Amino acid sequence: MKGLLRRILRYLAFEQGRAIGWYKRFCNPGGDEWAAWLKRHGGFHAIGEHCSIQVNAIITDPAYTRLGNNVRLTGCTLFGHDGSVNMLNRAFGLRLDRVGKIDIRDNVFVGHGAIILPGVTIGPNAIVAAGSLVNRDVPPGSIVAGAPARVVGDIERLVARLEQDSARLPWIETLNRYRDSGDPALRAEVEQARIRHFFGR
């Protein structure tokens, strides 16, 4: 019965753009699936291929947001406008407007709790660390962290270090076999090997 309900809710969500709250609650879509829904119904300026967007990501102005290929958004916030303008307009009898694009290029990861402000371009090939406040462009190939975010590293060095570290992991061969086959038994074996490594049992 649950499987039938999930199929119906996915159909309503993807084909008709309806029952979105129920779909999110009962189907618990992963980042890839939610990005596919947003690409179809989310009102973005553009979303590229192979993106992943967690359902707890907040994008206030999708029409001003462009995502390239292989963009990964965790529970972050993307602001396309400055909400303080409304208060200033009322307080001082003004007619101000302050909005901006968010342009996230190919191969970008934005960590949990990061905030991207209007008028920012990120990447390509960049990482925004968890909890960062990005108020200016992020250069290609860089890693930024902090509030406000500043460059703390580059992708090329990170990739070289991670390749070396990964080669030494006791579960890497099993993980690679899982990646090639998708066999759930191998996935479970990887999890057990990690737990033994971390906690000794």
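Student: Help me understand the environment of glycine 141, please; the structure alone is not making it clear to me.
Tutor: Within the secondary structure layout, glycine 141 lies in the loop between β12 (133–134) and β13 (142–145). Between the alpha carbons of glycine 141 and alanine 126 there is a distance of 5.0 Å; along the sequence they are 15 residues apart. In contact with glycine 141, not counting residues within four places along its chain, are Pro124, Asn125, Asp154 and Ile155.

Student: For this particular structure, what's the right way to read the sheet that holds strand β8 (residues 108–110)?
Tutor: Strand pairing in a sheet is mediated by backbone hydrogen bonds. Such pairs are either parallel or antiparallel. An order of β2-β5-β8-β11-β13-β14 is seen for the six strands of this open sheet, with the pairing classed as mixed. The strands lining the two open edges of the sheet, one partner per strand, are β2 (52–53) and β14 (150–154). Two elements, β2 and strand β5 (residues 71–73), share two bridges in a ladder whose sense is parallel. The partner of serine 52 across the bridge, within β5, is arginine 72.

Student: When you look at the sheet that holds strand β1 (residues 46–47) in this model, what are you seeing that I'm missing?
Tutor: Spatially, four strands are ordered β1-β4-β7-β10 in an open sheet, and the strand pairing comes out parallel. Looking at the sheet topology across the chains shown, the edges are occupied by β1 and β10 (120–122). As paired elements, strand β7 (residues 102–104) and β10 share three bridges and run parallel to each other. Bridging from a neighbouring strand, aspartate 103 pairs with threonine 121 of β10.

Student: Is there a simple way to explain the pairing of β14 in this structure?
Tutor: Strand residues, when the strand is regular, have side chains that alternate between the two faces of the sheet. When β13 meets β14, the two strands line up antiparallel, connected through four bridges. If you follow serine 142 over to β14, its bridge partner there is aspartate 154.

Rules used in this analysis
- Residues numbered from 1 in each chain as written.
- Predicted model: local features only at pLDDT ≥ 70, side-chain atom pairs only at ≥ 80, totals over all residues.
- Heavy atoms only, no water.
- Helix = DSSP H or I, 4+ residues; strand = E, 2+ residues; numbered from the N terminus.
- Contact = heavy atoms within 4.5 Å.
- Pairing = 2+ DSSP bridges.

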